[in-house]
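Chain and residue survey
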Amino acid sequence: MTLTLLAQSSYAVILAVISVVLWKTYPTLTAPFTSWLLVIAGPPSPSWFFGNLRQLRESDSEATVFERWVEEYGPVVMHRGFFNAPRLFTIDTRAINHILTHSAEYEKPDQARRMLSSLLGKGVLITEGEQHRQQRRIMNPAFGPSQVRELTEIFVEKANELRDLWAAELSVRGEPGRIDVIKGLSKMTLDVIGLAGFNYDFDSLNPNGKPNELAKAFEEIFVIPEKVPVLFILRHFFPIFDYVKDARSRRVEEAQQVMRRIGSQLIAEKKAAILRESSAKKTTDIGRRSVQGRDLLTLLIKANMATDIPDSQRLSDEDVLAQVPTFLVAGHETTSTATTWCLFALTQAPAVQTKLREELLTVETDTPTMDELMALPYLDAVVRESLRLHPPVAVSMRVANKDDVVPLSTPFTARDGTQHDSVRIAAGDKIIIPIEMMNRSKALWGDDAHEFRPERWALPPNAISTIPGVWGHLLTFLGGPRACIGYRFSIVEMKALVFALVRAFEFALAVPPEDVKKGKGIVQRPALRSDPAGGNQMPLIVRKYQRV
């Protein structure tokens, strides 16, 4: 009798698991045969499981593959994801604007949000709907122009520290010297986000510094293996596999505990400081503008504790804690990668590098303010052009949470030869936001769109006015309600770095340009074809600039 009950229970559990799997996979498995997107032309799928994804992953550049598809099939393309599920890819600016501005209907993929929230917590990068709007409302003031102006001193100080570190290295080893610039830039931006983000000193630029507990935890969580494990793919589709632990998942959990402990300690210290300052002023009122403190976390906590906002708009302690790893992710690798590609671009355009240096040397101080940095027109053009050609993130993705009709600025021709001025979208359809390709589209930027030419910004083409970017008619920081909240922070930090380094050094590429490629991952860090085992790197020949 007991065995019969056990057998029945086992069958029930197995049946329940099968039912959940079928329920989760049914839309994906039926989409290749029922989706409205099937009328759109696109490349043939070489794999029933990977669709076209392996083509994209194995290419040197996803943007190049997308460009080839657009040339062959037009500006609206259907390609295949896992299990051959159709995906929409388009460079139609009206369609992209519709998707980005209707952020309540087009959210980040559930699997990506679940994976990221398991690593980061539910920070502003991950949340959707009212929770995202609430976080954004509290955080927006901390990223305004006046707050970034206050933080510029940190950007400049750390940029000069990196400059001095490289100068000392050249003095010891002789010059010109070969320097892998991404390593120093990554340390610099980590130090900056530590100090500017939550007044925490990573001290990673210090060659004699001790290993940092938080830095080690951060690295453990965000080092992505070169080959994607099968377990990772299974977790992507079936959350039940989150309970299957391997060695890496256990290390990640330990690192998360470290980040949580240090983050909680930082928040407690800042709350106490805010209350002490309020007490010293003999008032129980904490206004959003009343407490001093430059770092973003202090400003966020101050705004959240303010007595002049309703309780319904306050963030929970968990929401505040989730912003600590979010600041680290959003403010670290993206800016260091963007600046690395900027230096690379300057090595490929020596005349631009010389012209930029001449402008930078007209500034009499090596500790410029934000206003002084922003007043340099050629520096601005170089940064814009670099962020156009080399956005740190090449693509983003959205998933429709309800049926919709996406308008187009230019009709497309369907497989059956009919013309359509819109695309029908079903709930669950995935849409690619082609950041890099939009930034280098010849239809928008002209025939020289693939060239690094900062002079284009003196008279940019009219067509780019339709690109729905939050800054500079670029998609680099996206657009709409979910545009990058820290874009001002990133731009000023990048300008501070370029200012300090190009004034001090001359840069040339240490390898043939065709050896450099954009690595795989969310952030496009550089790698070398000739050294696949060497990981991310950008070796440059660096010499000190001698003023005449």
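We now turn to the structure provided with this report. What you see is a predicted model, and the numbers here were worked out from it, not measured in a lab.

**A look at the overall build of the protein chain**
Along the backbone of the protein chain there are 20 helices and twelve strands. In the protein chain, buried positions account for 52% of the 548 residues. Within the protein chain, counting contacts between residues at least 6 apart in sequence, those at least 24 apart form 72% of the total. Surface summary for the protein chain: the accessible area is close to 26,000 Å², and the carbon and sulfur share equals 56%.

**Considering the sheet that holds strand 9 (residues 505–509)**
Taken together, three strands build an open sheet; the order of strands is 4-12-9 and the sheet is antiparallel. Each edge of the open sheet is held by one strand with a lone partner, namely strand 4 (177–180) and strand 9. Strand-to-strand, the axes of this sheet are offset by a mean angle of 40 degrees, without reference to chain direction. With four bridges connecting them, strand 4 and strand 12 (residues 539–544) associate as antiparallel partners. The residue bridging Asp180 from the neighbouring strand is Pro539, located in strand 12. Those strands touched by helix 14 (residues 333–347) are strand 9 and strand 12, and its axis lies near 80 degrees from that of strand 9.

**A short note on the side chain of Arg87**
In this structure, Arg87 sits in strand 2 (residues 86–90). In this structure, Arg87 is buried with no salt-bridge partner, the nearest side chain bearing the opposite charge being Glu62 at 8.2 Å. Setting aside anything within four residues of it in sequence, one finds Arg87 in contact with Leu37, Leu53, Val77, Met78, His79, Gly81, Met397, Lys430 and Ile432.

**What to know about the side chain of Ser35**
Positionally, Ser35 belongs in the loop between helix 1 (2–34) and helix 2 (53–58). Residue class for Ser35 comes out buried when judged on its relative accessible area of 12%. A polar side-chain atom of Ser35 sits 3.0 Å from the main-chain amide nitrogen of Leu37. Dropping the residues within four chain positions of it, Ser35 is found in contact with Pro86 and Asp429.

**Quick notes on the pattern of salt bridges**
The final tally for this structure, using the stated rule, is 27 salt bridges. Measuring nitrogen to oxygen at the nearest pair gives 2.9 Å for the salt bridge that ties Arg388 to Glu385. Pair noted here: Arg388 and Glu385 are both in helix 17 (residues 377–389), with a separation of three residues, about one helical turn. Both residues of the pair, Arg388 and Glu385, count as buried.

**Quick word on helix 6 (residues 129–139)**
Inspection of helix 6 places His132, Gln134, Gln135, Arg136, Ile138 and Met139 among the buried residues, and these make up the whole buried set. Those residues of helix 6 that are buried lie in contact with helix 12 (296–305) and helix 13 (317–331).

**Considerations on the packing of helix 8 (residues 181–198) against helix 14**
Helices that pack against each other are described as a pair by the angle of their axes relative to one another and the distance between those axes. It is at 8 Å that the axes of helix 8 and helix 14 come closest, and there the two elements cross at 145 degrees. Read as a crossing pair, helix 8 and helix 14 show a hand that is right-handed. Contact residues: helix 8 offers Val181, Ile182, Leu185, Ser186 and Thr189, while helix 14 offers Glu333, Thr335, Ser336, Thr339, Thr340 and Leu343. Its residues assigned to classes, the contact of helix 8 with helix 14 shows four nonpolar, six polar and one charged.

**A short note on unusual backbone geometry**
A cis amide bond links Glu175 with the next residue in sequence, Pro176, at an omega value of 0 degrees. Positionally, Pro176 belongs in the loop between helix 7 (145–173) and strand 4. You will see that Phe83, though not glycine, has its phi angle at about 55 degrees, which is positive. Topologically, Phe83 is positioned in the loop between strand 1 (76–80) and strand 2. Phi at Asp203 is positive, roughly 55 degrees, even though this residue is not glycine. Looking at the element boundaries, Asp203 is found in the loop between helix 8 and helix 9 (213–222). On the basis of relative accessible area, Asp203 is assigned to the partly exposed category, the value being 28%.

**Remarks on the environment of Val405**
One can find Val405 in strand 6 (residues 404–413). On the basis of relative accessibility, which here comes to 46%, the residue Val405 falls in the partly exposed class. When sequence neighbours within four positions are dropped, the list of residues in contact with Val405 reads His98, Ser422 and Val423.

**What about the pairing of strand 1?**
Taken residue by residue, a regular strand's side chains alternate between the two faces of the sheet. Counting buried positions along strand 1 yields five of five residues, so the element is predominantly enclosed. Burial of the side chains of strand 1 extends over both faces: Val76, Met78 and Arg80 are buried on one face and Val77 and His79 on the other. Note that strand 1 and strand 2 share five bridges and pair antiparallel. Its bridge partner lying in strand 2, His79 is registered against Arg87. What sits between strand 1 and strand 2 in their antiparallel hairpin is a turn of five residues, with Phe83 showing a positive phi close to 55 degrees.

**A few points about the packing of helix 8 against helix 13**
Axis separation between helix 8 and helix 13 bottoms out at 9 Å; the angle between their running directions is 140 degrees. Between helix 8 and helix 13, the angle falls in the class oblique. Crossing angle aside, the handedness with which helix 8 passes helix 13 is right-handed. On helix 13, the residues touching Thr189, Leu190, Ile193, Gly197 and Phe198 of helix 8 are Val324, Phe327, Leu328 and Gly331. Of the residues in the contact of helix 8 with helix 13, the class split is six nonpolar, three polar and no charged.

**As for the sheet that holds strand 5 (residues 396–400)**
Reading across from one edge, 1-2-8-5-3 is the order of the five strands in this open sheet, with mixed pairing throughout. Of all strands in the sheet, those with a lone pairing partner are strand 1 and strand 3 (106–107), marking the two edges. Contacts from helix 4 (residues 93–101) reach strand 2, strand 3, strand 5 and strand 8 (430–433) within the one sheet, and its direction differs from that of strand 8 by about 110 degrees.

**Details of the packing of aromatic side chains**
Counted under the stated rule, the structure contains 18 aromatic pairs. Considering the side-chain rings of Phe198 and Tyr200, the 6.4 Å spacing of their centres and the 50 degrees angle between planes classify their relative orientation as tilted. Each of the two residues, Phe198 as well as Tyr200, counts as buried. A centroid spacing of 6.1 Å and a plane angle of 65 degrees characterise the contact between Phe505 and Phe507, whose relative ring orientation is edge-to-face.

Quick notes on the rules
Residues numbered from 1 in each chain as written. Predicted model: local features only at pLDDT ≥ 70, side-chain atom pairs only at ≥ 80, totals over all residues. Heavy atoms only, no water. Helix = DSSP H or I, 4+ residues; strand = E, 2+ residues; numbered from the N terminus. Buried < 20%, exposed > 50% of the residue type's maximum accessible area, 1.4 Å probe, protein only. Contact = heavy atoms within 4.5 Å. Areas by Shrake-Rupley, 256 points an atom, 1.4 Å probe, with all protein chains shown as cover. Pairing = 2+ DSSP bridges. Axes fitted to C-alpha atoms, helices over the stretch in contact; angles between N-to-C directions. Lys, Arg positive; Asp, Glu negative; His and termini not counted. Salt bridge = Lys/Arg side-chain N within 4 Å of Asp/Glu carboxyl O. Polar contact = N/O pair within 3.5 Å; in protein donor to acceptor, adjacent residues only side chain to side chain. Left-handed = near helix turned anticlockwise from the far one by under 90°. Nonpolar A, V, L, I, M, F, W, Y, C, P; charged D, E, K, R; others polar. Parallel < 35°, antiparallel > 145°, perpendicular 65-115°, else oblique. Phe/Tyr/Trp six-rings, centres within 6.5 Å; stacked < 30°, edge-to-face > 60°.

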